[in-house]
Amino acid sequence: MAWRGTTVLVVSKDGKTVMAGDGQVTYGNTIMKHGAKKIRKIGDGQILAGFAGSVADAMSLFDRFESKLREWGGNLTKAAVELAKDWRTDRILRRLEALLLVADKSNVLIISGTGEVVQPDDNVAAIGSGAPYAIAAARALVRNTDLDARTIVEKSMEIASEICIYTNKNITIEEI
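Conventions used here
Residues numbered from 1 in each chain as written. Predicted model: local features only at pLDDT ≥ 70, side-chain atom pairs only at ≥ 80, totals over all residues. Heavy atoms only, no water. Helix = DSSP H or I, 4+ residues; strand = E, 2+ residues; numbered from the N terminus. Polar contact = N/O pair within 3.5 Å; in protein donor to acceptor, adjacent residues only side chain to side chain. Contact = heavy atoms within 4.5 Å. Pairing = 2+ DSSP bridges. Axes fitted to C-alpha atoms, helices over the stretch in contact; angles between N-to-C directions. Left-handed = near helix turned anticlockwise from the far one by under 90°. Nonpolar A, V, L, I, M, F, W, Y, C, P; charged D, E, K, R; others polar. Salt bridge = Lys/Arg side-chain N within 4 Å of Asp/Glu carboxyl O. Buried < 20%, exposed > 50% of the residue type's maximum accessible area, 1.4 Å probe, protein only. Core = buried A, V, L, I, M, F, W, Y, C linked by side-chain atoms within 4.5 Å. Expected span 1.5 Å × (residues − 1).

### Quick look at the side chain of T7
Then, in step 1: Within the fold, T7 resides in strand 2 (residues 7–13).
Then, in step 2: At a separation of 3.2 Å, a polar atom in the side chain of T7 contacts the main-chain amide nitrogen of G130.
Then, in step 3: Within the structure, T7 has its side chain in polar contact with the side chain of T167 (distance 2.5 Å).
Then, in step 4: If near-sequence neighbours (up to four positions away) are discounted, T7 is found in contact with A20, G21, D22, I127, G130, A131, A134, M157, A160 and T167.

### Observations regarding the sheet that holds strand 3 (residues 16–21)
Each strand in a sheet pairs with another by means of backbone hydrogen bonds, the pair being arranged parallel or else antiparallel.
Then, in step 1: Pairing within the open sheet is antiparallel, and its 4 strands lie in the order 11-2-3-12. In this open sheet, the two strands that pair with only one neighbour each are strand 11 (124–128) and strand 12 (172–175). Across the sheet, the mean angle separating the axes of adjacent strands is 10° when strand polarity is ignored.
Then, in step 2: One ladder, built from 6 bridges, connects strand 2 with strand 3; its direction is antiparallel. Pairing of K13 across the sheet is with K16, part of strand 3.
Then, in step 3: The strands that helix 3 (residues 131–144) touches are strand 2 and strand 11; relative to strand 11, the one it contacts most, it runs at about 165°.

### Some details on the packing of helix 3 against helix 4 (residues 149–163)
Then, in step 1: Remark: helix 3 packs on helix 4, axes separated minimally by 8 Å, with the N-to-C direction vectors making an angle of 140°. Helix 4 is crossed by helix 3, and the crossing has right-handed handedness. Contact residues: helix 3 offers Y133, A134, A137, A138, L141 and V142, while helix 4 offers I152, K155, S156, M157, I159, A160 and I163.
Then, in step 2: When grouped by side-chain class, the residues that make up the contact of helix 3 with helix 4 number 11 nonpolar, 1 polar and 1 charged.

### A short note on the pattern of salt bridges
Then, in step 1: Inspection of every chain in the model, using the stated rule, returns 12 salt bridges.
Then, in step 2: Across the pair K38 and D22 runs a salt bridge whose closest N-O atoms are separated by 3.0 Å. Of the two residues, K38 is situated in the loop between strand 5 (30–33) and strand 6 (39–42) and D22 in the loop between strand 3 and strand 4 (25–27); the sequence distance between them amounts to 16 residues. Note on accessibility: K38 and D22 belong to one class, buried.

### Observations concerning the nonpolar core
Then, in step 1: F65, L100, V102 and I111 are the most contacted members of the largest nonpolar core, which totals 20 residues.
Then, in step 2: At the level of secondary structure, the elements contributing two or more residues to this core comprise strand 7 (47–53), helix 1 (55–71), helix 2 (76–89), strand 8 (98–103) and strand 9 (108–111).
Then, in step 3: Setting aside residues no more than four positions away along its own chain, I111 makes contact with F65, A80, L83, A84, W87, L99, L100, V102 and E116.
Then, in step 4: Ranked by size, the runner-up nonpolar core spans 16 residues in total, among them V11, V124, A126 and A160.

### Here's the deal with helix 2
Then, in step 1: Here helix 2 is 14 residues long and its end C-alpha atoms lie 20 Å apart, about the 20 Å a rise of 1.5 Å per residue gives.
Then, in step 2: Of all the positions in helix 2, only L76, A79, A80, E82, L83, A84 and W87 are classed as buried.
Then, in step 3: Taking the backbone nitrogen of T77 as reference, a side-chain oxygen 3.2 Å away marks N75 as the first, capping residue of helix 2.

### Here's the deal with the pairing of strand 9
Then, in step 1: Judged by which residues are buried, strand 9 turns out to be covered on both faces: V108 and I110 on one side and L109 and I111 on the other are all buried.
Then, in step 2: Pairing between strand 8 and strand 9: 4 bridges, direction antiparallel. The partner of L101 across the bridge, within strand 9, is I110.
Then, in step 3: From the end of strand 8 to the start of strand 9, which pair antiparallel, there are 4 residues.
Then, in step 4: Pairing of strand 9 with strand 10 (residues 117–118), which is carried by 2 bridges, proceeds in the antiparallel orientation. Its bridge partner lying in strand 10, I111 is registered against V117.
Then, in step 5: Between strand 9 and strand 10, which pair antiparallel one after the other, the connecting turn spans 5 residues, and G115 there sits at a positive phi close to 95°.

In structure tokens form, the structure reads like this:
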């Protein structure tokens with residue numbers, strides 16, 4: 001059986017960056033937890049970070065990412081690239097099973113253990129099992145409404161929770 005159950009979404013629009021994560025953790029066909037916190041502020045509250053995958057692995061990666069942020073003077077992109085390089089090449093790190101979604105007021109990045117650092121064209125990104133639903137809803141709302149970033153994130157996560165069986169409506173939201 002596999003552990004599943006994450007939807008993390010970020011939207012950066014009009015000077016606001018908003019990230020949300022649902023609270024569901026699923027093991028096989030059983031919901032194990034309803035209120036997990038999968039996102040947080042780091043870097044003196046100037047950066048939002050969320051994860052999908054193993055919690056222990058994600059916590060290790062958050063710690064390493066924060067170290068890289070300090071090392072590179074808060075430069076989000078440089079810290080992300082350096083973490084991705086370490087993650088891909090380090091014998092212990094490369095076994096970690098997680099994805100990170102990080103953002104500041106001007107950048108949105110997805111970081112993977114294969115060495116990828118992806119910056120979406122539209123400052124909308126999502127990770128986890130409900131990511132396709134959340135990102136589709138967010139992109140439609142960004143392109144076709146005048147809603148602010150927080151409202152877009154709230155509505156998109158609600159839509160994802162109505163479609164994805166691994167996503168619930170217990171949403172945590174952080175904003176910078």
